[in-house]
Amino acid sequence: PVEGVQWRFGRPNYARVNKAYFEGRTKVHAEGSLEAVVSKLVKNWEVESHHIEDPAQWKVMDVTKFKASVNGSAPIDAAKMAEVGPYNMLIGKTEGFDASQQSFESANKIFSDTFTEGFAFEVLEVYSGPPNVAFRWRHFGKFSGRYVDDQSAVHEGDGKIVDVFGMCIATVSQDLVIEELQVFYDPGTQIRPLLSGAQCPFAGSVKE
């Protein structure tokens, strides 16, 4: 991104998540391969959607056309995604997490505190090229911190890797600018592994 970008949380440092990626990835894509191109595109999307506050400064997405949906839900536009954030958009409501209770910032803090060594992303396979790029992905990170669920109960990390797998169809322009993302996965696969740890006795409120 160019000079003058409005960083949401200050200029991001990717040293931690890059370390997690290189240590935990299962695929090494050849330079210039479709998988490598898609990987770079998605990682740039993550940088912009998480860290650049003003959608007008996004370069990876065509904000005049952009829409995103999860599991066939009603799509949201760029302004809405910039408001609620990728975590809330992607997870929604599932056992242990309710996006309607969270802001962009609070959801980001929850998962930064949960995956203290980074929550990395890798493209596993690409099934079709532009303009409709279908691919399978994996999000992964060590549960090294603590997770606060939607009932304010605190779950201590067990150090195990949390693996989340899914599919995506990205509609892109000739210049590989993203116009639409259709994501398909089970959001519970990110949250359920975080609920098994022992809850701190001093947690504000505990589930019935």
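Data block above holds the structure.
In what follows, the accompanying structure is described.

Conventions adopted
Counting starts from 1 at the beginning of each chain's written sequence and moves along it residue by residue. Whole-chain, interface and lining totals are the exception, using all residues; otherwise, since this is a predicted model, local features are given only for residues with pLDDT of at least 70 and side-chain atom pairs are given and counted only at 80 or more. Side-chain numbers here rest on the full set of heavy atoms in the structure, without hydrogens or water. By definition, any uninterrupted DSSP run of H or I lasting at least four residues is a helix, any uninterrupted run of E lasting at least two residues is a strand, and each is numbered from the N terminus. Contacts: residue pairs with any heavy atoms within 4.5 Å of one another. Here the accessible surface of atoms and residues is derived via Shrake-Rupley with a 1.4 Å probe, and residues count as covered only by protein chains that are part of the display. Counted as positive: Lys and Arg. Counted as negative: Asp and Glu. His and the chain ends are not counted at all. A charged residue contributes its charge at one atom only: NZ of Lys, CZ of Arg, CG of Asp or CD of Glu. Only buried Ala, Val, Leu, Ile, Met, Phe, Trp, Tyr and Cys residues count toward a nonpolar core, and they belong to the same one when joined by side-chain atoms within 4.5 Å. For the exposure calls, accessible area comes from a 1.4 Å probe over protein chains only, and a residue counts as buried if that area is under 20% of its type's maximum, exposed if over 50%, partly exposed in between. Each pair of aromatic rings taken from Phe, Tyr and Trp, with Trp reduced to its six-membered ring, is defined by centres within 6.5 Å and is described as stacked if the planes are under 30 degrees apart, edge-to-face if over 60, and tilted in the remaining cases. Both a distance and an angle decide whether a charge sits over a ring: NZ of Lys or CZ of Arg must be within 6 Å of the ring centre and within 35 degrees of the ring normal. Any carboxyl oxygen of Asp or Glu within 4 Å of a side-chain nitrogen of Lys or Arg constitutes a salt bridge here. Any residue with an atom within 4 Å of a point lines the site, the site being either a cavity, points on a 1 Å grid over the protein atoms alone where a 1.4 Å probe fits but cannot get out, or a pocket, an open set with protein on both sides within 12 Å along at least 5 of 7 lines. Grid points are joined across faces, edges and corners, and a volume is the space filled by probe spheres set on the points. Strands are treated as partners if at least two bridges between them are detected by DSSP.

Let us look at the overall build of the protein chain. Along its length, the protein chain carries six helices and ten strands. Judged by the C-alpha coordinates and their principal axes, the protein chain covers about 55 × 35 × 35 Å. Restricting to contacts in the protein chain with at least 6 residues of sequence separation, those with at least 24 account for 63%. Approximately 10,600 Å² of the protein chain is accessible, and the part contributed by carbon and sulfur atoms is 52%. Averaging the coordinates of the 21 positive side-chain charges in the protein chain and doing the same for the 28 negative ones gives two points 4 Å apart.

Moving on: the nonpolar core. Counting 46 residues, the largest nonpolar core has Trp45, Phe66, Phe97, Phe111, Phe135, Tyr147 and Ile178 as its most contacted members. A per-element tally of this core places strand E9 (residues 161-172) first, with five residues. Filtering out sequence-adjacent residues up to four positions away, Phe111 remains in contact with Tyr87, Ile91, Phe97, Tyr147, Gln190, Ile191 and Leu194. With five residues, the next largest nonpolar core counts Ala20, Tyr21, Ala120 and Phe140 among its residues.

The next point concerns the packing of aromatic side chains. Tallied over the entire structure, the rule returns eight aromatic pairs. The lysine or arginine in question, Lys43, covers the ring of Tyr21, its NZ or CZ lying 3.3 Å from the ring centre. The ring of Phe140 carries the charged tip of Arg138 above its face, separated from the ring centre by 3.8 Å.

The next point concerns the pattern of salt bridges. Counting across every chain of the model gives twelve salt bridges. Measuring nitrogen to oxygen at the nearest pair gives 3.1 Å for the salt bridge that ties Arg136 to Glu125. Separated by eleven residues along the polypeptide, Arg136 in strand E6 (residues 132-142) and Glu125 in strand E5 (residues 119-126) bring together distant segments of the chain. A network of salt bridges, in which partner residues are shared, links Glu122, Arg138 and Asp163.

Moving on, we get to the layout of surface pockets. Approximately 940 Å³ is the volume attributed to the largest pocket. Considering the residues around the largest pocket, the lining is formed by 40 residues, among which Tyr14, Glu46, His50, Phe119 and His139 are closest to the centre. The set of elements that each furnish at least two residues to the lining of the largest pocket consists of helix H1 (15-24), helix H2 (34-51), helix H4 (86-91), helix H5 (104-114), E5, E6, E9 and strand E10 (178-185). The element contributing the most residues to the lining of the largest pocket is H2, with eight residues.

Take the environment of Asp113 next. Looking at where Asp113 falls in the secondary structure, it is placed in helix H5. Overall, Asp113 belongs to the partly exposed group, its relative accessible area being 31%. For the pair Asp113 and Ser144, spaced 31 residues apart in the sequence, the C-alpha separation amounts to 8.5 Å. Discounting residues that sit within four places of it in the chain, Asp113 has contacts with Gly145 and Arg146.

With respect to burial, E10 is a largely interior element, six of its eight residues being buried. Bridge analysis of strand E1 (residues 67-70) against E10 gives four bridges, and the strand direction is parallel. From the neighbouring strand, Val70 faces E10, where its bridge partner is Val183. Relative to E10, E9 runs antiparallel, the two sharing seven bridges. Its bridge partner being in E10, Thr171 is matched across the sheet by Glu180. Once E9 ends, the chain turns through five residues before running back antiparallel as E10, passing Leu176 with a positive phi of about 60°.

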